[in-house]
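So the chains spell out like this:
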Amino acid sequence: MLWSLNPLRHYRVRATDGSLGAVEDIFFDDAAWTVRYLVVDTAWLFGRRVLLPPDVLEHPDAVAREFPVALNKEQVKNSPDIDADQPVSRQQEIDLYGYYGWAPYWGVWAAAPLPPDSVVPPATAPPAGESERQRGDPHLRSGREVIGYHLRATDDSVGHVADLLIDEAGWIIRYLVVDTGGWLPGRKVLLAPNWVRAISWAGRDVVVALSRAEIESSPEYDPAEDVARDYEDRLHRHYGRTGYWI
């Protein structure tokens, strides 16, 4: 099932023994387009933000607007402090995974590969002498930040990113929801992350190797409807792409 990030960001997070707070954001890997953490604002811990990996996330309840997680409040209360407003260092991730006894998603102390120069601006490079454990992961990005980025086609700009659709199976970002309008809302279309050529984090642009006409003429997305497989099939055929499910 695909979940829209915008409404998820208003869901309450429910532990096994009570409320933890509310979803504030997600951190995702911009190389794999996979959710690495749910960012939770915990009012009962004086507004402290905590990071929860997909391993503990259960099926969201769209009726109750709740996100159940397989942890109790005491476990979360005693978890390592992480400032979600700052880049998350590898050492902080090591501490977090060690506390819960989880296997780290990056492997045993493995370094994340450096992104292409066209994707991450030079300003994100770590200072000289800063270790892998000290620096922030250059691939870890805020989902909330990407919403609002401009979309640049090969021949013109065309709207902006309005939302992200996340596949509960593996917590993978399947689509960017693009609003093709300018000052006023336009028709909404979907683009798969692997159709993105580059992201300028400094310029707040998403660049695709598609023309404006191709994007504007693609099958329209209705946020009020679930994304059906026949719609996905039409979408991929429109761009001459093979579906991820094949």
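These numbers come from a predicted model, not from an experiment. (Residues numbered from 1 in each chain as written. Predicted model: local features only at pLDDT ≥ 70, side-chain atom pairs only at ≥ 80, totals over all residues. Heavy atoms only, no water.)

K.L.:
Break down the overall build of the protein chain for me, with residues and values.
P.N.:
Secondary structure summary: the protein chain contains 6 helices and 13 strands in total. For the protein chain, with 246 residues in total, the buried portion stands at 48%. Looking at the protein chain alone, contacts between residues at least 24 apart form 55% of all its contacts between residues at least 6 apart. Accessible area of the protein chain: about 12000 Å², with a carbon and sulfur share of 51%. (Helix = DSSP H or I, 4+ residues; strand = E, 2+ residues; numbered from the N terminus. Buried < 20%, exposed > 50% of the residue type's maximum accessible area, 1.4 Å probe, protein only. Contact = heavy atoms within 4.5 Å. Areas by Shrake-Rupley, 256 points an atom, 1.4 Å probe, with all protein chains shown as cover.)

K.L.:
Tell me about helix 6 (residues 229-239), and please be specific about residues and values.
P.N.:
Along helix 6, the positions that sit buried rather than exposed are Tyr231, Glu232, Leu235, His236 and Tyr239. When helix 6 is viewed along its axis, its buried side chains cluster within an angular range of 130 degrees and face the same direction. Along helix 6, the residues that are exposed and aim more than 90 degrees away from the buried face are Asp230 and Arg237. As for helix 6, its buried residues are in contact with strand 10 (172-179), strand 11 (188-191) and helix 5 (212-216). After helix 6 finishes, the residue Gly240 shows a positive phi value of roughly 70 degrees. (Arc of directions from axis to C-beta.)

K.L.:
Run through the nonpolar core, naming residues and quoting values.
P.N.:
With 69 residues, the main nonpolar core has Val13, Leu38, Leu51, Leu52 and Ile215 as its most contacted residues. At 6 residues, strand 9 (residues 157-167) tops the list of elements feeding residues into this core. (Core = buried A, V, L, I, M, F, W, Y, C linked by side-chain atoms within 4.5 Å.)

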